[in-house]
Amino acid sequence: MHTMWKGSISFGLVNIPIKLHTATEDKDIKLRTLHKECHSPIKYEKVCPVCEVEVQNEDLVKAYEYTKGKFVVLEAEELEKLRKENEDKAVEIIDFVKIQEIDPIYFDRTYYMSPGDGGGKAYGLLRKALLNSEKVGIAKIIIRSKEQLAVVRVYENTIVMETIHFPDEVRKPQDVPNVPVEDKVTGKELETAIMLIDQLTTSFEPEKYKDDYRTALLELIESKQTGKEVVIAAEKTPATNVTDLMAALQASIDKTKPKTKTATAKKKRVSTKVKKEA
């Protein structure tokens, strides 16, 4: 597994050399954009709109636009020095909290954490302490020139670091338009909705959830590649006249109900009748 960051993490006087490894991967299928006429891949060039010339990477500088059309230029050496000063510091766990106190909206990306040379014992200590205390650590880390707030926790016997958003990076839910202030539902509607939730409640088994679109796209690509004719029959969902909330909830519950014994018995009677006629 590729190491994407090396350093150390500490809590109190305990210092642990660690390596970070990306825990998740993007499995999106990358599609290229081609010229329709000759099927050549399209290039995206960096062009200065004033000089009307193509520019190379060595001709570019970073800058902050503090007002429209006015910039503060930041030299590469200045940015590298600033990054180095922060990145070289050990990651320190500054607080321990219960993970239930952190809303999932804050979570960003997950990294596996492995011990560096000589860090096995201290790694095991932190892992056991987190498990026994039922707490997670809150730390700060510089990754790719950006300071990140992170949660340190245990996942299947491995310590993981999950970067989380800073509070000012999470937009206020009060700014979401058209959210009703009060719930205008009847007791019967609520009772039926809860009944539907109960019928659909199960244990979380991530293996049963598949990316159907990606699978279908791969099959389409493979079929075209091998020269097979591809015909996809579109299935349209039948229209329904269910318009009110109670009817929609009841229809959902009826759909999820298991087949009754009466229906099974009726099926058997029909089957026996057919055999006799034969």
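(A) Looking closely at the sheet that holds strand S2 (residues 14–22). Reading around the circumference, S1-S2-S8-S11-S10-S9-S7 is the order of the seven strands in this closed barrel, with mixed pairing throughout. This sheet shows a mean twist of 40° between the axes of neighbouring strands, independent of strand direction. Of the strand pairs in this sheet, S2 and strand S8 (residues 107–115) are connected by five bridges, and their pairing is antiparallel. Paired with Lys 19 across the strands is Ser 114, a residue of S8. Packed on one face of the sheet, helix H2 (residues 120–133) meets strand S1 (5–11), S2, strand S7 (91–97), S8, strand S9 (136–143), strand S10 (146–155) and strand S11 (158–164) and runs near 85° to S2.

(B) Region of the structure containing the nonpolar core. Counting residues in each nonpolar core, the largest one holds 23 residues, and the members touching the most others are Ile 9, Ile 16, Leu 20, Met 113, Ile 141, Val 152 and Met 161. When residues of this core are traced back to their parent elements, those giving at least two are S1, S2, S7, S8, H2, S9, S10 and S11. Per-element tally for this core: the top contributor is H2, with four residues. Among residues more than four places away in sequence, those in contact with Val 152 are Ile 9, Ile 93, Leu 130, Val 136, Gly 137, Ala 139, Ile 159, Val 160 and Met 161. Within the second largest apolar cluster, six residues are counted, among which are Ile 102, Val 136, Val 151 and Ile 164.

(C) Summary view of the pattern of salt bridges. Across all of its chains, the model carries four salt bridges by this definition. Here Glu 169 makes a salt bridge to Lys 146, at a shortest N to O gap of 3.3 Å. Highlighted residues: Glu 169 in the loop between S11 and helix H3 (187–200) and Lys 146 in strand S10, separated in sequence by 23 residues. Arg 153 is the salt-bridge partner of Glu 162, the closest N and O atoms lying 2.3 Å from each other. Of the residues examined, Glu 162 reaches a relative accessible area of 8% and is grouped as buried.

(D) Just a nonpolar patch on the surface, in detail. Together, Tyr 64, Tyr 66, Val 72, Leu 74 and Leu 79 give the surface a local cluster of nonpolar side chains, amounting to about 480 Å² of exposed area. Of all the secondary-structure elements, those providing two or more residues to the nonpolar patch are strand S5 (62–67) and strand S6 (70–74). Turning to its location among the elements, Leu 74 is positioned in strand S6. On the accessibility criterion, Leu 74 (33% relative accessible area) is partly exposed.

(E) Representation of the pairing of S2 within the structure. Judged from the seven bridges that link them, S1 and S2 form a sheet pairing that is antiparallel. Of the residues in S2, the one forming a bridge with Ser 10 is Asn 15. Adjacent in sequence and paired antiparallel, S1 and S2 are bridged by two residues, among which Gly 12 carries a positive phi angle near 65°.

(F) Spotlight on the state of the cysteines. Per the counting criterion, the structure on display carries zero disulfides. Unpaired in terms of disulfides, Cys 48 finds its nearest cysteine sulfur in Cys 51, a separation of 3.8 Å. According to the relative accessible area criterion, Cys 51 is exposed, its value standing at 53%.

(G) Representation of the packing of H3 against helix H5 (residues 245–256). Between H3 and H5, the least distance of the axes is 9 Å, while the angle of their chain directions is 25°. Taken together, the axes of H3 and H5 are roughly parallel relative to one another. At the point where H3 passes H5, the crossing takes the left-handed sense. Residues Lys 188, Glu 189, Thr 192, Ala 193, Met 195, Leu 196, Gln 199 and Leu 200 of H3 pack against Leu 245, Met 246, Leu 249, Gln 250, Ser 252, Ile 253 and Thr 256 of H5.

(H) Structural view of the side chain of Ser 114. Locating Ser 114 in the fold gives a position in strand S8. Of note is the side chain of Ser 114, whose polar atom sits 2.7 Å from the side chain of His 21. Setting aside chain neighbours within four positions, we find Ser 114 in contact with Pro 17, Ile 18, Lys 19, His 21 and Tyr 123.

Conventions we followed
Residues numbered from 1 in each chain as written. Predicted model: local features only at pLDDT ≥ 70, side-chain atom pairs only at ≥ 80, totals over all residues. Heavy atoms only, no water. Pairing = 2+ DSSP bridges. Helix = DSSP H or I, 4+ residues; strand = E, 2+ residues; numbered from the N terminus. Axes fitted to C-alpha atoms, helices over the stretch in contact; angles between N-to-C directions. Contact = heavy atoms within 4.5 Å. Core = buried A, V, L, I, M, F, W, Y, C linked by side-chain atoms within 4.5 Å. Buried < 20%, exposed > 50% of the residue type's maximum accessible area, 1.4 Å probe, protein only. Salt bridge = Lys/Arg side-chain N within 4 Å of Asp/Glu carboxyl O. Patch = residues over 30% accessible without salt bridge, like charges linked within 9 Å, V, L, I, M, F, W, Y side chains within 5 Å. Areas by Shrake-Rupley, 256 points an atom, 1.4 Å probe, with all protein chains shown as cover. Disulfide = S-S within 2.5 Å. Parallel < 35°, antiparallel > 145°, perpendicular 65-115°, else oblique. Left-handed = near helix turned anticlockwise from the far one by under 90°. Polar contact = N/O pair within 3.5 Å; in protein donor to acceptor, adjacent residues only side chain to side chain.

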